[in-house]
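Report on the structure
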Amino acid sequence: MWGGRFAEGPSSIMREINASIPFDKALWRQDIAASKAHAAMLGACGIVSADDAKAIEAGLNEVAAEYEADGVPEDWALEDIHMTTESRLAELIGPAAGRLHTARSRNDQVATDFRLWVRDAIDQVDAGLEALQRALVTRAAEHADSIMPGFTHLQTAQPVTLGHHLMAYYEMIRRDRSRFADARKRSNESPLGSAALAGTGFPIDREMTAQALGFDKPTANSLDSVSDRDFALDYLMSAAQCSLHLSRLAEEFIIWASQPFSFVRLPDSLSTGSSIMPQKKNPDAAELVRGHAGRIVGTAVSLMVTMKGLPLAYSKDMQDDKPPVFEAANLLGLSVAAMTGMVAEAHFRTDRMRQAAELGYATATDLADWLVRQAGIPFREAHHITGAAVKLAESRGIALEALSLADLQDIDGRIGEGVYAALSVEASVAARASHGGTAPAEVRKRIAEAREALGMGG
């Protein structure tokens, strides 16, 4: 392939370190598509004959059929998917295959193929994230009124509804989808025709190949085109952020499924048993999602470090751009699917959730708010009074609303009987009716908006 420049071929070590076919064979569909677009353009521009362009297209279709049926062969002497395809094309159609590489380089070829692959990966993860959103919205609608403790510092804070809690993850995933969409938009420019680094002297039509491959336009600078991997980093950054959200959701399911909480029973299909303890039902799928987040974040760091000091234009270090992206895409796809199944099939123990909210003094803030509204007490003083009431209830092992009026008035005589209307968990969540709050009516508004955004109907 290197022609007459070298007197000797590469050593076995050089062949092994240089070959990327074991992983970049994943680009074969994109390589075929980009090669067909390039050949059609060469024919339309009169750079190759119409007969050669047709022969190249037919040969590429035959190569694609072979790959589909039997996989991509790995010959390290051919180095990568590009030379593997061109070599097989030459075996099928003869010397005309050599005209395919006119006005292009492997530099712009791989940049184009990789962009196409990342674009496809974004479309795939977006579909998976939409399915997760639908599962979250569906379960949130079932539990818009189901009361549970809300936590800060993993300590009971205020009562919320399970629907409100699930919709928080809907919002996280909405932002994830937005990040992926932004990454796709930025990356949707075609490097094809930039050649090695300086462009080409042939009268090519880059608009034609860009349009054929579904790009918005050709890239504007040939040096940047072949050396840019921002599109891959954008994908990995979006994947890393998404994996953090999935990990947080997984962690909550892990905690909720533990016996001290017993807020949820996970589906059998996403749990495992113990080799020694027959009573165990382990949340392994959720734990693996949590673990995968670390690996996905690592892929982003890996590529950032690879790219941080590279001069223009292409350097062989950039061959290491694809494994981290392929790994992240695989792990993220599995994680999204696992959490979608978990949300859709989990059995929520709303009785346990409500009990925990009642026993955790979650309505203490409501007592303080009542003192401010009804007795005109400054909030800091109301906070102190409420703390004394919680301490008394805790010493007796009873709920806050179980304290008698006499008990409360011994703490502060300004407390009246009307306070009990504010101390139930139902009253507490209903009172949080500000936009985005946990009041069931507000939760249902957000669910309706989400259903409309997802095209789920009324």
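Here the structure is shown first, and the text comes after it.
Described in the following lines is the structure provided in the data block. (Residues numbered from 1 in each chain as written. Predicted model: local features only at pLDDT ≥ 70, side-chain atom pairs only at ≥ 80, totals over all residues. Heavy atoms only, no water.)

Glancing now at the pairing of strand β2 (residues 155-161). Direction of pairing for strand β1 (residues 147-152) relative to β2: antiparallel, over a ladder of 5 bridges. Its bridge partner being in β2, Phe151 is matched across the sheet by Thr156. Linking β1 to β2, which pair antiparallel, is a turn of 2 residues; within it His153 sits at a positive phi near 60 degrees. (Pairing = 2+ DSSP bridges. Helix = DSSP H or I, 4+ residues; strand = E, 2+ residues; numbered from the N terminus.)

The next subject is the layout of surface pockets. By volume, the largest pocket amounts to about 430 Å³. Around the largest pocket, the lining is made up of 19 residues, and of these Gly150, Phe151, Thr152, His165 and Glu252 lie nearest the centre. Those elements that place two or more of their residues in the lining of the largest pocket are β1, β2, α7 (162-187) and α10 (230-257). Looking at the lining of the largest pocket element by element, the count peaks at 5 residues for α7. For the lining of the largest pocket, the residue count by class is 9 nonpolar, 6 polar and 4 charged. (1 Å grid on protein atoms, 1.4 Å probe; cavity = no way out; pocket = protein on both sides within 12 Å on 5 of 7 lines; lining within 4 Å. Points joined across faces, edges and corners; volume = space filled by probe spheres on them. Nonpolar A, V, L, I, M, F, W, Y, C, P; charged D, E, K, R; others polar.)

Right, let's get into empty space enclosed by the protein. To find leftover empty space, a probe the size of one water molecule is rolled over the atoms. Counted by the stated rule, this structure contains 1 cavity of 30 Å³ or more. Empty space within the largest cavity amounts to approximately 30 Å³. Looking at the lining of the largest cavity residue by residue, the classes come out as 6 nonpolar, 1 polar and 2 charged.

Further remarks concern the pattern of salt bridges. The tally for this structure, following the rule as stated, stands at 33 salt bridges. In this structure, the salt-bridge partner of Glu381 is Arg414, at a minimum N-O distance of 2.7 Å. Here Glu381, found in helix α15 (residues 379-396), pairs with Arg414, found in the loop between α16 (405-411) and α17 (420-423); they are 33 residues apart in sequence, far enough to count as distant. We classify Arg414 as partly exposed; its relative accessible area is 40%. (Salt bridge = Lys/Arg side-chain N within 4 Å of Asp/Glu carboxyl O. Buried < 20%, exposed > 50% of the residue type's maximum accessible area, 1.4 Å probe, protein only.)

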